[in-house]
Amino acid sequence: MFISNIENFLRRQGKPLVAFISRLGEFSIFVAQSVYNCLTPPFYGRNLLRQVIDMGFYSLPVVGLTTIFAGMVIALQSYSGFMRFGAEGAVASVVLISVTRELAPVLSALMVAGRIGAAMAAEIGTMRVTEQIDALTTLSTNPFKYLVTPRIWAGLIVMPILVLIGDVIGIFGGYVVGVYKLGFNPANYVNSTLQNLQAIDITTGLVKAAVFGFIISLLGCYNGYKSKGGAQGVGTATTNAVVSASILILIFNYVITELFFSK
Amino acid sequence: MSENKIEIRNLHKAFGRKVVLDGVDLDVVKGESLVVIGGSGTGKSVLIKCIQGLLRPEEGSIKIDDEEVVGINEEQKEKLHSKMGMLFQGGALFDSLSVWENVAFDMIENKKVNKKTAKNEAIRVLRSVGLAPDVADLSPSELSGGMQKRVGLARAIASRPEIIFFDEPTTGLDPIMADVINDLIIESVKGLGATALTITHDMASARKIADKIAMLYKGKIIWQGTVKEMDKTDNPYVRQFINGSSQGPIKVEI
Ligand SMILES: Nc1ncnc2c1ncn2[C@@H]1O[C@H](COP(=O)(O)OP(=O)(O)OP(=O)(O)O)[C@@H](O)[C@H]1O
Ligand SMILES: [Mg+2]
C-alpha cells in the first residue's frame, strides 16, 4: 500500500523531471555541437552576410529608438533624484555609466531577441517541419553548418557593434535632455562625460553584448531546430525562443556584472 | 561485388512504443526501379529516411554498394549523399532560394561551380523536366504543386546521382500531371542509368515506373515481384491493395 503510493508518486512526479533532464541534455548537446561547428570549416560566408545584414542593419532603427529614450529618461530621472542631495552635476556621468554598462546592452539585446530570435526560430522551425533540413542533409550539406553556424557568428559579431552604436545614441539622448531641458551648459556636459569615460564601462557592455548575441542566436536556432508538429509547433518554438532568450539575457547580465564589478 | 545496389536486412525502427518497421528485408538491384507500395502510415517514408541516414534504426543492416551505412559518421554520410538524390513527399524546396538556386544547390555549395555555369546547367535541367527558363528566377512559393514537384525532381537529378529516391512523386497531382511526372521519372532514371527506389500508393504510377514492386505491411515486406506477377498473384493483401477495396485482410484502423 505504502510502497505503491510512493511508486505512484514517483511515476507522476518523475515524468516531467525525466522530460526536463532529457531536454537539458539535448540542449547541452546542441550547444556543444554549435560551438564545435562554429570553429570548423566549411563556413558559409554568404549565409553569414545575410544574417549580419538582417540582424545588424535592420535592427538599427529599433536599437536607436530604445537607447535614445533610455538615455533621455535616465538624464531626467537622475536629475530630479539627485537634486535632493544637491548632486545634479553627476547627471552626465550617471547617463554615461548606466547607458554603457546596462541600458544599451540589455535593451538592445531584448529588442533583437524579439526581432531576430523569433525570426530565426520561425525560419528554421519551418524548414524543419517542411523537411528542408532533411533536404540539406541529402544534398551533402551539414544543416548545422549551413543554418546554425552563420547565425551564431552573426550574433557574436553584430551585437557588440549594435551596442556600441547604442552607447553613442543613448549618451546623445542624455545630452539632449541635459542641455535643452535641464539647462546644462553644453561644453560642461560634454566635458564631464568625457572625463568620466572609462574603458571598463564600454568593454563590459561589449562583452555583455557578445554573450547576449550568442544567447539570442543559440536559442533561436535551438528552438527552431527541435520544433515539431507543423504550424503550431513552429509557433511554440518562436515564443520559447524569445522568452527563454530574454530570461537568460537578464540572468547573464547579472552574472557578468558580478564577474566584472563585485569586490 | 554483388548486383544489389541496396541491401536491407532485418531493419527495425520504432518511435517510442510505436513499432513502424519490424524486420524489413529488401534488395534493390543495380539499375532497376523498385516501387514500394503500402497504405498510409505503414512506414514507407520512414524506410527511405533510414536508408538515407536521416533516421537511425534500432536494429538491422543497410548496405549500399556493399558498404554498411547504419551508424556511419557525418563525413561518410556526406560522401554517401553525394551519390544519392531525393524527391521529398512535400517537395522540401528551400524557400529562401530561387528555383534555379535550388536546382543548382549541389553544384554551388559542394562542387564550387561558378554562378553563371551553375545557372545555365540548372536551366538545362529545368528544361529537361519541362519547365521554361523564366521559372528559374521565381521563388518556390510562387509555383503550383505540380511545378514544385518538377523542381524537386530537377534538384534530385541535377547532381547525376547513382541512386534516386522518390517519395510519393504523384500524390496530390491531377492524373495527367501525374503521368507527366511518371514519364519524367522513367526518362531521368533511364537517362542517368540510375537505381531508383520509389514509394507510392498510386497504383497507376507504380505500374508505369516499376521494374519490381514490393509491398510493405505491418512493418514487413510481405510480397515482391514484377508488375506481371502482381497482376497474377493470389496474395490477398496485394489483391486488396491493388483493387483498392475496403474488404479483405487489411483492416484500416479508424
Ligand atoms: N519523426 C517521427 N516521430 C514519431 N513518429 C513518426 C516520425 N516519423 C514517422 N512517424 C510515425 O511512423 C509512422 C509511419 O510514417 P511514414 O511517414 O513512414 O508513413 P508513410 O507510409 O510514408 O505514409 P504516407 O503514405 O501517408 O506518407 C506513422 O505512424 C508516423 O506517425
Ligand atoms: Mg510518406
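If you're wondering where the values come from, they're calculated on a predicted model, not measured in any experiment. (Residues numbered from 1 in each chain as written. Chains lettered and ligands numbered in written order. Predicted model: local features only at pLDDT ≥ 70, side-chain atom pairs only at ≥ 80, totals over all residues.)

Student: Lay out the interface of chain B and chain A with the relevant residues and their values.
Tutor: Between chain B and chain A, the residue contacts involve 16 residues of the former and eleven residues of the latter. Residue assignment for the side of chain B that touches chain A shows that the elements contributing at least two residues are helix 2 (74-81), strand 6 (84-87) and helix 4 (105-109) of chain B. Residues belonging to the side of chain B that touches chain A are distributed by class as follows: seven nonpolar, five polar and four charged. (Contact = placed C-beta atoms within 7 Å. Helix = DSSP H or I, 4+ residues; strand = E, 2+ residues; numbered from the N terminus. Nonpolar A, V, L, I, M, F, W, Y, C, P; charged D, E, K, R; others polar.)

Student: Can you tell me about the site of ligand 1, naming the residues and giving the values?
Tutor: Close contacts around ligand 1 come from Phe15(B), Val20(B), Gly38(B), Ser40(B), Gly41(B), Thr42(B), Gly43(B), Lys44(B), Ser45(B), Val46(B), Gln89(B) and His201(B), and that covers them all. In terms of residue count, the dominant contributor to the shell around ligand 1 is helix 1 (residues 44-51) of chain B (three residues). (Near = placed C-beta within 6 Å.)

Student: Just give me the short version of the packing of helix 6 (residues 145-158) of chain B against helix 7 (residues 175-192) of chain B, but keep the residues and values in it.
Tutor: Residue and element names in this part refer to chain B. For the pair helix 6 and helix 7, the least separation of the axes is 11 Å and the interaxial angle reads 5 degrees. One way to sum up the angle between helix 6 and helix 7 is to call them roughly parallel. Judged by residue contacts, Gly-146, Lys-149, Leu-153 and Ile-157 of helix 6 engage Met-177, Ile-181, Leu-184, Ser-188 and Leu-192 from helix 7. For the contact of helix 6 with helix 7, the residue count by class is six nonpolar, two polar and one charged. (Axes fitted to C-alpha atoms, helices over the stretch in contact; angles between N-to-C directions. Parallel < 35°, antiparallel > 145°, perpendicular 65-115°, else oblique.)

Student: Could you give me a rundown of the sheet that holds strand 8 (residues 195-200) of chain B, with the residues and numbers involved?
Tutor: Residues and elements named next belong to chain B. The sheet built from six strands is open, its strands ordered 6-7-8-3-9-10 with mixed pairing. The outermost strands of the open sheet, each flanked by one partner alone, are strand 6 and strand 10 (220-225). Recorded for the sheet is a direction-independent mean angle of 20 degrees between the axes of neighbouring strands. By the bridge criterion, four bridges tie strand 6 to strand 7 (residues 163-167) in an arrangement that is parallel. (Pairing = 2+ DSSP bridges.)

Student: Give me the nonpolar core: which residues, what numbers.
Tutor: Ala109(A), Val103(B), Ala122(B) and Leu126(B) are the most contacted members of the largest nonpolar core, which totals 137 residues. When residues of this core are assigned to their parent elements, the largest contribution, 19 residues, is made by helix 4 (residues 91-129) of chain A. No fewer than three residues from each of domain 1 (1-83 + 162-177 + 192-254) and domain 2 (90-160) of chain B sit in this core. Not counting chain neighbours up to four residues away, the residues in contact with Ala122(B) comprise Trp100(B), Val103(B), Ala104(B), Ala136(B) and Ala158(B). (Core = buried A, V, L, I, M, F, W, Y, C linked by C-beta atoms within 7 Å. Buried ≥ 20, exposed ≤ 12 C-beta atoms within 10 Å, placed from the backbone. Domains from an automatic or database assignment.)

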